[in-house]
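Overview (structure and organization)
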Amino acid sequence: MDRDAYHNCSSLVKMPRQSYEQFWSSHFVDYIDKELSYSKFFKKYLLPNHPCMFSRRFTEDWKCRKQWVTEEGKPNFQKLLQEFEETPVPVANCNAKEYNANPKQVMPFKEFIHYWKEYIQNGHSSPKGCLYLKDWHMSRDFPDHNVYTTPIFFSSDWLNEYWDTLEVDDYRFVYMGPKGSWTPFHADVFRSYSWSANICGRKKWLLYPPGQEDFLRDTHGNLPYDVTSAELQDRGLFPQLEEACQPLEIIQEAGEIIFVPSGWHHQVYNLEDTISINHNWLNGCNIDIMWQFLQNELSSVQKEIEEWRNTMDSWHQHCQVIMKACSGIDYSEFASFLKIVAENRMAFLNACSSGDSSDYSRHLSETLTTLGPYHSAFDLQRVAHIIECLLCNEDFKLLDHSMLTFQPETMLQQIRDTIQSTRGQHLFYQE
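Source: prediction; values computed, not measured.

Basis of the calculations
- Every residue gets a number counted from 1 within its own chain, in the order that chain's sequence is written.
- It should be noted that, the model being predicted, local features are given only for residues of pLDDT at least 70 and side-chain atom pairs only at 80 or more, the latter also being counted only at that level, while totals for whole chains, interfaces and linings use all residues.
- Side-chain measures were taken over the full set of non-hydrogen atoms in the model, leaving aside hydrogen atoms and water.
- Going along the chain from the N terminus, every DSSP run of H or I of four or more residues is numbered as a helix, and every run of E of two or more is numbered as a strand.
- A 1.4 Å probe rolled over the protein chains alone gives each residue an accessible area, and that area as a share of the maximum for its type sets the label: buried under 20%, exposed over 50%, partly exposed in between.
- Contacts are residue-level and defined by heavy atoms, with any inter-residue pair within 4.5 Å sufficient.
- The Shrake-Rupley method, run with a 1.4 Å probe, gives the accessible areas here. Residue values count only the displayed protein chains as cover.
- When charges are counted, Lys and Arg are positive and Asp and Glu negative, with His and the chain ends excluded.
- Salt bridge, as used here, is a side-chain nitrogen of Lys or Arg placed within 4 Å of a carboxyl oxygen of Asp or Glu.
- Polar contact criterion, stated in full: a pair of N or O atoms within 3.5 Å, where within protein one must be able to donate a hydrogen and the other to accept it, and residues adjacent in sequence count only if both atoms are side-chain atoms.
- Here, strands pair whenever DSSP counts at least two bridges between them.
- For our purposes a nonpolar core is just a set of buried Ala, Val, Leu, Ile, Met, Phe, Trp, Tyr and Cys residues, chained together by side-chain atoms within 4.5 Å.
- Disulfide: a pair of cysteine sulfur atoms within 2.5 Å of each other.
- Axes here refer to lines fitted to C-alpha atoms; in helices the fit is confined to the stretch in contact. Angles between the N-to-C directions go from 0 to 180 degrees.
- Our angle categories are set so that under 35 degrees counts as roughly parallel, over 145 as roughly antiparallel, 65 to 115 as roughly perpendicular, and the remainder as oblique.
- Definitions for this section: a left-handed crossing has its near helix turned counterclockwise from the far helix by less than a right angle. A right-handed crossing has that turn clockwise.
- Three residue categories are used. Nonpolar comprises Ala, Val, Leu, Ile, Met, Phe, Trp, Tyr, Cys and Pro, charged comprises Asp, Glu, Lys and Arg, and polar comprises the others, including Gly.
- pLDDT: the predictor's confidence for each residue, scored from 0 to 100.

Helix and strand counts for the protein stand at 15 helices and 13 strands. Classification of the 431 residues of the protein by burial places 52% in the buried group. Here the contacts in the protein between residues at least 6 apart in sequence split such that 79% fall between residues at least 24 apart. By element, 47% of the accessible surface of the protein is carried by carbon and sulfur atoms, the whole surface being about 20300 Å².

Take a look at the structure:
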């Protein structure tokens, strides 16, 4: 990211988030078919939190678009079986509902492909229902395959950086589903961004900007499982439906990549037999949205068990445990997440000063080097801001700070010192 973009975004992030009304009045999504600088993507889509679509030119060099797809543009079952035949994969049943989602089972990849071929032969129907291979950690299971490359626009990815450091998990997925498979109404994990590339096939997306989902809640406060269901017309059950805008409907063709911003609830259909690659990701542009989401999650837990506040030992800690079980993270792990992001950028900026890049991974070094020191400084400013928020948060104050992997006050000062030191060396003013 260039110097001007860095200085401009430093002021942008202090402003209230842009209203979606202006975007919604145009009711279309930008289609990007020409070269686009990272700085322009950063300012036009990441910061304002607006969706866009990238043309197939951005995926035409991916191996999977050649190896996983036949000349007719269909899934290449033979090639896929050669690569993944015995691999266990998660498969959802789109015809069944379980807590506003589809229940999953694990089966060998070859069994799913056998089902899929029969499903096609039977006119896209089966007594087993419509099965959908989804949330498969293919990159984690086959790290040497290298069948695609994350576009630079999505490379500032704190979420997967954190999990890669722990070597525990990731949020990089492969989806494979027949015509008619779908994903119910939802917003992405931690209110992260997501990008989704169609390797083959077509998808239909229904997107609602943040806040619109509240008009879709029923009288019990629950979100719908299917926003196209006729039951939403019941004004007694969904009293605010008429206040909701119409969803943004997007058709995604083979090879195209959609950018889904933070907190945009969506529902997705496969219009053809489809393979896609999806990443969830976070960075300095939407970390404030994640922090707000975590506060909301904790507040919901506290309301649920409020009656035991005065009778339960360590009530606040129990709330954190329940929150982590429901959302996948608690305040302590969120703090650890911020620590790792900050340490990597401080190491990078210090390495830029000294010329030594041995303190962090080669892959991360390449990413941070490509984005440049301005971006790392922006990241550190955003981490510092959220740590300041944590230190002012009453629920965070009640945690046992001796159990944290670092002292937030110390980390905050280290971040400030690093930014000041590197600025003093004129690091940010090198072209």
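Let us now look at the side chain of Asp226. Within the fold, Asp226 resides in the loop between strand E9 (203–208) and strand E10 (248–252). One buried charged side chain, Asp226, makes no salt bridge at all; its nearest oppositely charged neighbour is Lys204, positioned 9.2 Å away. Among the polar contacts listed, one links the side chain of Asp226 to the side chain of Thr228, at a separation of 2.7 Å.

The next point concerns unusual backbone geometry. Of note in this structure, Phe190 is not a glycine but carries a positive phi near 55 degrees. Counting through the fold element by element, Phe190 comes out in the loop between strand E7 (182–186) and strand E8 (193–200). You can call Phe190 buried: its relative accessible area is 3%. With a phi angle near 60 degrees, Arg191 is a residue other than glycine that sits in the positive phi range. Relative to the assigned elements, Arg191 resides in the loop between E7 and E8. Taking relative accessible area as the criterion, Arg191 reaches 24% and is therefore assigned partly exposed.

Once that is clear, we can look at the pattern of salt bridges. Taken as a whole and judged by the stated rule, the model has 18 salt bridges. Arg172 serves as the salt-bridge partner of Asp170, at 3.6 Å between the closest nitrogen and oxygen. With respect to burial, Asp170 and Arg172 carry one shared label: buried. Within the structure, one salt-bridge network assembled from shared partners comprises Arg140, Asp141 and Asp169.

A few words on the pairing of strand E11 (residues 257–260). Working note: regular strand, side chains alternate between the two faces of the sheet. Side chains Ile257 and Phe259 project from E11 onto one buried face, and the interleaved Ile258 and Val260 project onto a second face that is buried too. Here strand E2 (residues 52–54) pairs with E11 via 3 bridges, running antiparallel. When the bridges of E11 are listed, Cys52 appears paired with Phe259. Bridge analysis of E8 against E11 gives 4 bridges, and the strand direction is antiparallel.

Turning next to the environment of Lys324. Here Lys324 is to be found in helix H10 (residues 315–327). As a C-alpha pair, Lys324 and Leu298 span 26 residues in sequence and 9.2 Å in three-dimensional space. The residues touching Lys324, leaving out its near neighbours within four places in the chain, are Ile329, Asp330 and Glu333.

All right, on to the nonpolar core then. Residues Phe41, Trp68, Met176 and Phe334 are the most contacted members of the largest nonpolar core, which totals 124 residues. Among the elements that take part in this core, helix H11 (residues 331–354) stands out by supplying 11 residues, more than any other.

What follows covers the state of the cysteines. Following the criterion strictly, the structure yields 0 disulfides and no others. Free of any disulfide, Cys200 has its nearest cysteine sulfur in Cys64, 9.5 Å distant.

Attention shifts here to the packing of helix H5 (residues 77–84) against helix H6 (residues 109–121). Between H5 and H6, whose axes approach to 10 Å, the crossing angle comes to 165 degrees. One finds that H5 runs roughly antiparallel with respect to H6. For the element pair H5 and H6, the recorded crossing hand is left-handed. Touching Phe77, Leu80, Leu81 and Phe84 of H5 are Phe109, Lys110, Ile113, Trp116, Lys117 and Ile120, all from H6. Across the contact of H5 with H6, the residue classes break down as 8 nonpolar, no polar and 2 charged.

Now for the sheet that holds strand E12 (residues 265–270). An order of E7-E12-E9-E10 is seen for the 4 strands of this open sheet, with the pairing classed as antiparallel. The sheet is open, and its two edges are formed by E7 and E10, each paired on a single side. Going from strand to strand, the sheet's axes swing by 15 degrees on average, the running direction of each strand aside. By the bridge criterion, 5 bridges tie E9 to E10 in an arrangement that is antiparallel. Across the sheet, residue Lys204 finds its bridge partner in E10, namely Ile251.

Okay, the confidence of the model for the protein next. For the protein, mean pLDDT is 91; residues scoring 70 or higher make up 90% of the total. Within the model, the stretch residues 10–18 combines pLDDT values under 50 with 13 contacts to residues more than four positions away or in other chains. Counting contacts from residues 21–26, a segment whose pLDDT is below 50, to residues more than four positions away or on other chains yields 13 contacts.

Below, the discussion takes up the sheet that holds strand E3 (residues 88–93). With mixed pairing, the 9 strands of this open sheet are ordered in space as E1-E2-E11-E8-E13-E6-E5-E3-E4. The open sheet has two free edges, formed respectively by strand E1 (30–32) and strand E4 (104–108), since each of these has just one partner strand. Averaged over all neighbouring strand pairs, the angle between strand axes comes to 25 degrees, with direction disregarded.

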